[in-house]
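Breakdown of the fold
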Protein chains: 2
Amino acid sequence: MKDGPDIARIAALIGDPARANMLTALMDGRALTATELSQIAGVTPQTASAHLARLGQGGLIRQRKQGRHRYAELASPEVAGVLEALMGLATTSGHLRRRPGPRDAQLRRARVCYDHLAGEMGTQMFDTMLARGHLFRREDEIVLTEPGSDFTRDFLGPETQTRSRAPLCRECLDWSDRRSHLAGRLGRAMLARMIALGWARRAEGSRVIRFTPDGERQFQALFSS
Amino acid sequence: MKDGPDIARIAALIGDPARANMLTALMDGRALTATELSQIAGVTPQTASAHLARLGQGGLIRQRKQGRHRYAELASPEVAGVLEALMGLATTSGHLRRRPGPRDAQLRRARVCYDHLAGEMGTQMFDTMLARGHLFRREDEIVLTEPGSDFTRDFLGPETQTRSRAPLCRECLDWSDRRSHLAGRLGRAMLARMIALGWARRAEGSRVIRFTPDGERQFQALFSS
DNA sequence: GATATGTTTCGGTTAGCGTCGAAGCATGAA
DNA sequence: TTCATGCTTCGACGCTAACCGAAACATATC
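All of the points below concern the structure found in this document. All values reported here derive from a predicted model rather than from experimental measurement.

1. A look at helix 2 (residues 17–25) of chain A
Structurally, the α-helix is built with 3.6 residues per turn, so residues lying three or four positions apart point the same way. Residue and element names in this part refer to chain A. The buried count for helix 2 comes to 7 of 9 residues, which makes it a mostly enclosed element. Taken as a whole, helix 2 has its buried residues at Ala18, Arg19, Ala20, Met22, Leu23, Thr24 and Ala25. Measuring from the backbone nitrogen of Ala18 back to the side-chain oxygen at the start of helix 2 gives 3.1 Å, which picks out Asp16 as the cap.

2. So, the sheet that holds strand 3 (residues 69–74) of chain B
Residues and elements named next belong to chain B. Taking strand neighbours across the sheet as the criterion, the 3 strands line up as 1-3-2 in an open arrangement whose pairing is antiparallel. Of all the strands in the sheet, the pair left with one neighbour each is strand 1 (32–33) and strand 2 (61–66). Bridge count for strand 2 against strand 3 is 6 bridges, and the pairing is antiparallel. Across the sheet, residue Gln63 finds its bridge partner in strand 3, namely Ala72.

3. A few points about the protein's contact with DNA strand C
In the region of DNA strand C, 22 residues are neighbours, and Gln46 and His51 of chain A together with Thr35, Ser49 and Arg70 of chain B sit closest. Restricting the count to atoms of DNA strand C within 4 Å of the protein gives a sugar and phosphate share of 73%. Side-chain polar atom of Lys65 of chain A to a phosphate oxygen of DNA strand C: 3.4 Å apart, as the coordinates give it. Listed by contribution, the elements that provide at least two residues to the surface near DNA strand C are helix 2 and helix 4 (45–57) of chain A together with helix 3 (34–41), helix 4 (45–57) and strand 3 of chain B. If you tally residues by element for the surface near DNA strand C, the top one is helix 4 of chain A, at 4 residues. Split by residue class, the surface near DNA strand C holds 4 nonpolar, 10 polar and 8 charged.

Rules used in this analysis
- Residues numbered from 1 in each chain as written.
- Chains lettered and ligands numbered in written order.
- Predicted model: local features only at pLDDT ≥ 70, side-chain atom pairs only at ≥ 80, totals over all residues.
- Heavy atoms only, no water.
- Buried < 20%, exposed > 50% of the residue type's maximum accessible area, 1.4 Å probe, protein only.
- Helix = DSSP H or I, 4+ residues; strand = E, 2+ residues; numbered from the N terminus.
- Polar contact = N/O pair within 3.5 Å; in protein donor to acceptor, adjacent residues only side chain to side chain.
- Pairing = 2+ DSSP bridges.
- Near = heavy atom within 4 Å.
- Nonpolar A, V, L, I, M, F, W, Y, C, P; charged D, E, K, R; others polar.

What follows is the structure in structure tokens.
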């Protein structure tokens, strides 16, 4: 009686308490590291690793390796929909445990990530450029569109046509905001330009980037949705 | 360990192949006996009995004793909705793609989903009613507009003003089409009316709905965009 | 009553999987 | 380089639950 798709396989994946806790924690769309998920699920990292592998193989989550961390996020909104439907059946009051990022508010606000802007302001810039069509997400890569090229040339100046093999645009997952920001050569150039313009400067002995009041204004003028 | 909604418990219930087959078989809204379900699931009656007890305890099915038979049926349309959502995920994320047989084509074309019309013809009806302004999607609910009320009263007859607490319109995600079709009291009434009019009838032992040539014509006349 | 059929309970076996400790990689920092 | 951290692999243990045979229970029919 193979009347339909194999729902048992997927339901069994959700049916383990540890995995269910992990999936529930991922419901808000953020990406979490394997260790964080192991703590949420109440199991050791080894066990969590096995669970994440199964969830990935089953198509419920996607995993992205970044540095020595490995982030997991729900594979699609459809997965979230199924989880939500299940929660509805379970007649429950959902409680999601939030895991704060860096304690320092300044770090959360704006910091350098290797060589580019991260934190809330980094994700804001990235989101705005995506929304305006300056950047375009194609499969797993980020491409600079024609208007985006005009915009960046305008902002950076014409002499910045470096011809490097490094990717121009890269997506970098934010560890405080759990969303993406712009990395790659363009991300580096954008931050360098902001510092060169005097909008901001790096704090000594820290990754914090301090924007001047005027720099903050200019930034908001350029990247407010 | 803080427990939110216990989705793991419910998912684990669906996660066993035998139980999943049973639930899938119950998706057509009919009530089946324990022995029938045991044959469908491919297990002995003893095993099926244990499974049915667990499903009943978990609130997924209801069981009524009638004579020396014991009938099982899905506990609620919400359960059917969860199963449909799971089928949708299983078709997209399942790396094991089944080759479509002739029976699958019929299922994809028109089938019963708990008590309402699903498949291509179900989504066609839903889309057409949305496009014509008979239905309106507001946030997460579907509302019947004024012209829509006229239309359905015209089609269903004036005596169908049931005053139930069940939602009139509900959206149900189709696993074959990956789009929505109309569920809820109205969805149920629409299908019942089509069968009463002789447009279609349910195939024995399957969820397939067979439209007569004339019924298909009438349907297309009413729901072609 | 006796008999047949549908369903459940009991006992025991087996297989699967969730779990962790220890060790092995991989990557970033000093 | 050396060290530290995050993650994965391996091996083994233990527990749950799915399964069936046999038998008991329930209900309809003769």
